[in-house]
Each structure stands twice: as C-alpha cells, then as structure tokens.
Amino acid sequence: MTTNLGMPAVAPPGVGHLRGTQSFPDAARGALADSQLRRNLGHATRVIRTKRASVVAELPDWEQLRLAGEALKTATMARLDEHLERLEREVTARGGVVHWARDANDANAIVTRLVQETGETEVVKVKSMATQEIGLNEALEAAGIAAHETDLAELIVQLGHDQPSHILVPAIHRNRAEIREIFLREMPGVDPALTSEPRRLAMAARAFLRERFLRAKVAISGANFGVADTGTLLVVESEGNGRMCLTLPETLITVMGIEKVVPTWQDLEVFLQLLPRSSTGERMNPYTSAWTGVTPGDGPQTFHLVLLDNGRTATLADEVGRAALHCIRCSACLNVCPVYERTGGHAYGSVYPGPIGAVLSPQLTGVEDNASLPYASSLCGACFDACPVRIDIPSLLVRLRAQHVDAQRARSVPSAEALSMAAASWLMSSPGRFAAAEKASRLGRLLGRSAGRISTLPPPLSAWTGSRDAPRPPSETFREWWARERGTS
C-alpha cells in the first residue's frame, strides 16, 4: 500500500480561515482601541495563567515531562509517513474508512459528500480547529447542510456570527453580559428572564443543544490524538458535549491534521499529563473520549477518518520549521503573550492566533501570505517557557522574519523599507554625509516640540510612527557636544 498526499503544497488561498483581510498591525490597531475587549482578555488570561501555574507546580518532574513531550514529537515527525500508514491500516481493520485530503478543498469536498450520502441536512460538531481551518461550516452551508457547534464557547461564537479568538476559549473576547444578549437574540425559545449568571447561561445552552444531540444522525469531530498502533482516536474536553457527539449519532466523521498522530498508547501517558495542565489548568480532563473503528450495537455504526494535509507536509519539509507541528493546541503560549493579551485573536486573521499561530499559519500558507504575523511578537520568550512540548517559538519567529526579508530582496521593485535601508547605508558609509544628516535631523524638532516626541511622519516613514513614536532629535549632535566639551571635532 502506498500513501501519497502529493508534493508539499501550501494551503490554498480563498478557502478556510488561515489568512486575514488585513495585516496584523492594521487589525491590531482596531483591537487596541476597544477597551472592553482588553478588559475581557486581561481578566480571562490572568485567571487561566494562575490556575495553570498552580497545577504545574504540583509536579516535581514537569520539566522532564516537557522534555519527553518534545522528544516524542520530534521522533514522530521524523517517521510521520510510517505512523500515518500504520494508523490507516488499523482504522480500516476495525471497520473505519480513511480518506486522505491534500488541502482544504479536498477535505471539504470529502466531508460534504459523506454527509450527503447519509441523506441528512444537519450535523452536530465537536470543537475542531482543523474544521475551522478549512472553513468546513461554510462549505456545508453552501451544500444546504446546517452544522451545529456544541462546545459552549463555539456555540457563542456561532450564534454571535463571530469568529473564534482563542484556541481553547474561542469566546474569550466576550463577557457574560454580551453572551446573555447573544442568547436572547439568537437562541429560539430562550427564557426572556435569562440572567448573565454563568449557571443560567449554561442551562440555556444545555437545553438548546440537547434537542440537537437527540435528533442528529451525523456528527463531525476533530481529534486531539490518533494512536497509530491501534487506530484509536481521542478527544479531550470539559463539557460532555464531545461524549454526546461521539456516541449518539449513527455516522461519525473525524477530521484530523496529520501531525496529531502518536505512535503508541504509552505516548499518551506523557501528553495527557501535559495537555490539561497547560490548557485549562486541570490535573486531567473531565472527559477523555476514545473510539476505535466501529463496534456493532455500540456508538456510531459508520466511521470515517479524514487525514488533512493543507500545508503540513510543506511545513514538515523544513527541518527547523517543522517544530511548529509539535503543537498540541493547549493555548498556553497565548495566555502568557503580552501581544495577544492586548489584541486578542481576531487581529491575527487566522484560526490559529497568538505566538503559535504566528509561526504555524505563515508556514501553512506560505510566509508571504502571512508576512506580518512573525512580527506580532516582542520576542520576550514567555511562549517558549510555557510551551508543554518546548517549541522554540521566538527562534522560529526570527527565522520566518529572515525568510520574509529574503523574499523582499528578490522583488524586482524594491520595497520602501529596502530603499530606506539603502539610503541609510549610503549616509553612514561617509563621515561627511553622516555629519550633514545629523545636522539636518534637527529640523525634526519642529515636529515634536509640543509632546517631546514625533508621533506622525509622512510616508514611507509613517510605517514607523504608525505603531510607535519617534524620539525628538536632540538640540545638538554628538559631534557638536564633543567639540564643545573637548574642543576638538
């Protein structure tokens, strides 16, 4: 048997949610102006960070677990083709059907066809980053199929006609009052006296979803892990909606990124300690659901596994950049990132926001399609310290920045930045020219005379002042100060 996803290719443009309509700086500017958004994000990330720190501190071998997770992911990526072929054989032997999707278009077409073959016009979904990545809900809607999100946060996002803002908590940008308004406006049959008390909101969502669980004949899930040696898929979640989706429907379709495979059950011993502590600050997930093929009379009687590439083999081809595929989607890096905490996930334009999104999305799409994301970081290193599998995100960000710069150098028409750097090089290569430029810079004092800094400059220098202030030039140059103090020039 030969498994072939084709030559490495990036995720196709125009489908899915990996590319934004704005650059990160432009999108972030709007987010920073929203004070309510910043308060929501600041509160939520502080709570998650505190919980995580508490449960991580309980384990004296936490660093050893991180090292083990890193080693397991590195070894798995080195033999990914073998593990995927083993997974396919085991799923097939246990009554499942495996489909290989080269990209988002393939995956959407496969899932849509499988649902249509059942004759159903609606599905329930377990929270899945992969299906959001490929824009599956939109593809199903275009085919006349309604997809109902069942994770509470995903439901809030869907009813609010919104987009996820966080890997783990998609509605992190919403507070309780906003959620109540969404439920009252969008949820049929909701009690008009609904309050913003979390318990009341959860009860309203439970009643709304229960009807959909009981009538759904088809479910679509993601997978946190796929175990190659037994063909078992796993979903970890906290609400029980996953358990409902994975057991009640007659047909189950799982969409899994090819990087989610692990070789053996023993590997889960490491990851099921790292994931819950890093994501929700829990010692273990309330619900860990595992299923292996089809069992007569128990659970779905038809099972399909769609293995998704969508730029992953292109990422795998980079021996350094492939470390981004180690991600177990815990979101720990988002919760410690000072940039994410202030802008939220929408500014990244991708379903994968935050530090990991800033390195993963550009590799899945091609760096130039997401060229601003590697710059969405202060390179403080907090993301690496928090990552349970030790992905060196700061180094990957610098690497991607260098690739972007190299791509810009190859352009036939130089960018404004390249022209500015060339002009600076010409000035600084001559003492006389540099001295003249220093004197001329004093004209800039007129621009910053009121505030002591320059906040607006004309193009192309506006690219600098668009996101930071320029210092007001001093009243005398260093050369003039030296001459005055030492009597020499």
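An account of the accompanying structure is given in this report. (Residues numbered from 1 in each chain as written. Predicted model: local features only at pLDDT ≥ 70, side-chain atom pairs only at ≥ 80, totals over all residues. Heavy atoms only, no water.)

### Quick look at the side chain of Thr-230
The topology assignment puts Thr-230 in the loop between strand E5 (225-227) and strand E6 (232-237). The class of Thr-230 is buried, set by a relative accessible area of 19%. Ignoring sequence-local partners within four residues, the contact set of Thr-230 consists of Glu-90, Arg-94, Trp-265 and Thr-292. (Helix = DSSP H or I, 4+ residues; strand = E, 2+ residues; numbered from the N terminus. Buried < 20%, exposed > 50% of the residue type's maximum accessible area, 1.4 Å probe, protein only. Contact = heavy atoms within 4.5 Å.)

### Quick look at the sheet that holds strand E1 (residues 97-101)
Strand order in the open sheet formed by six strands is E1-E10-E7-E4-E2-E3, and the pairing between neighbours is parallel. Each edge of the open sheet carries a strand with a single partner, namely E1 and strand E3 (146-149). The average angle at which neighbouring strand axes cross in this sheet is 25°, direction not considered. Note: E1 against strand E10 (residues 302-308), five bridges, orientation parallel. Directly across from Ala-101, in E10, lies its bridge partner Leu-308. (Pairing = 2+ DSSP bridges. Axes fitted to C-alpha atoms, helices over the stretch in contact; angles between N-to-C directions.)

### A short note on the packing of helix H8 (residues 152-159) against helix H9 (residues 176-186)
Packing of H8 against H9 leaves a shortest axis separation of 10 Å and a crossing angle of 60°. The handedness of the crossing between H8 and H9 is left-handed. For the pair H8 and H9, the contacting residues are Leu-152, Ile-156 and Leu-159 in the first and Ile-179, Ile-182, Phe-183 and Glu-186 in the second. The residue inventory of the contact of H8 with H9, partitioned by class, reads six nonpolar, no polar and one charged. (Left-handed = near helix turned anticlockwise from the far one by under 90°. Nonpolar A, V, L, I, M, F, W, Y, C, P; charged D, E, K, R; others polar.)

### Focus: the nonpolar core
In terms of nonpolar packing, the biggest core is built from 102 residues, with Phe-183, Leu-305 and Ile-356 touching the most fellow members. Considering every element that reaches this core, the biggest residue donor is helix H10 (residues 198-215), with six residues. If we ignore the near neighbours within four places in the chain, the residues touching Leu-305 are Leu-87, Val-91, Val-97, Val-98, His-99, Leu-233, Thr-254 and Met-256. Ranked by size, the runner-up nonpolar core spans 21 residues in total, among them Ile-110, Leu-114, Ala-147 and Val-255. (Core = buried A, V, L, I, M, F, W, Y, C linked by side-chain atoms within 4.5 Å.)

### Observations concerning the environment of Arg-113
Within the element layout of this structure, Arg-113 appears in helix H5 (residues 104-118). Placed 92 residues apart in sequence, Arg-113 and Ala-205 show a C-alpha to C-alpha distance of 30 Å.

### Quick notes on the packing of aromatic side chains
Taken as a whole, this structure holds seven aromatic pairs when the rule is applied. Relative to Trp-482, the ring of Phe-478 lies with its centre 5.9 Å away and its plane at 40°, an arrangement referred to as tilted. Separated by four residues within a single helix, Phe-478 and Trp-482 lie in helix H22 (residues 478-486), roughly one turn from each other. Members of the aromatic cluster, connected to one another through ring pairs, are Phe-24, Tyr-340 and Tyr-348. The cationic tip of Arg-212 hangs over the ring face of Phe-208; the distance from NZ or CZ to the ring centre is 3.8 Å. Against the face of Trp-426 rests Arg-433, its NZ or CZ located 4.2 Å from the ring centre. (Phe/Tyr/Trp six-rings, centres within 6.5 Å; stacked < 30°, edge-to-face > 60°. Lys NZ or Arg CZ within 6 Å of the ring centre and 35° of its normal.)

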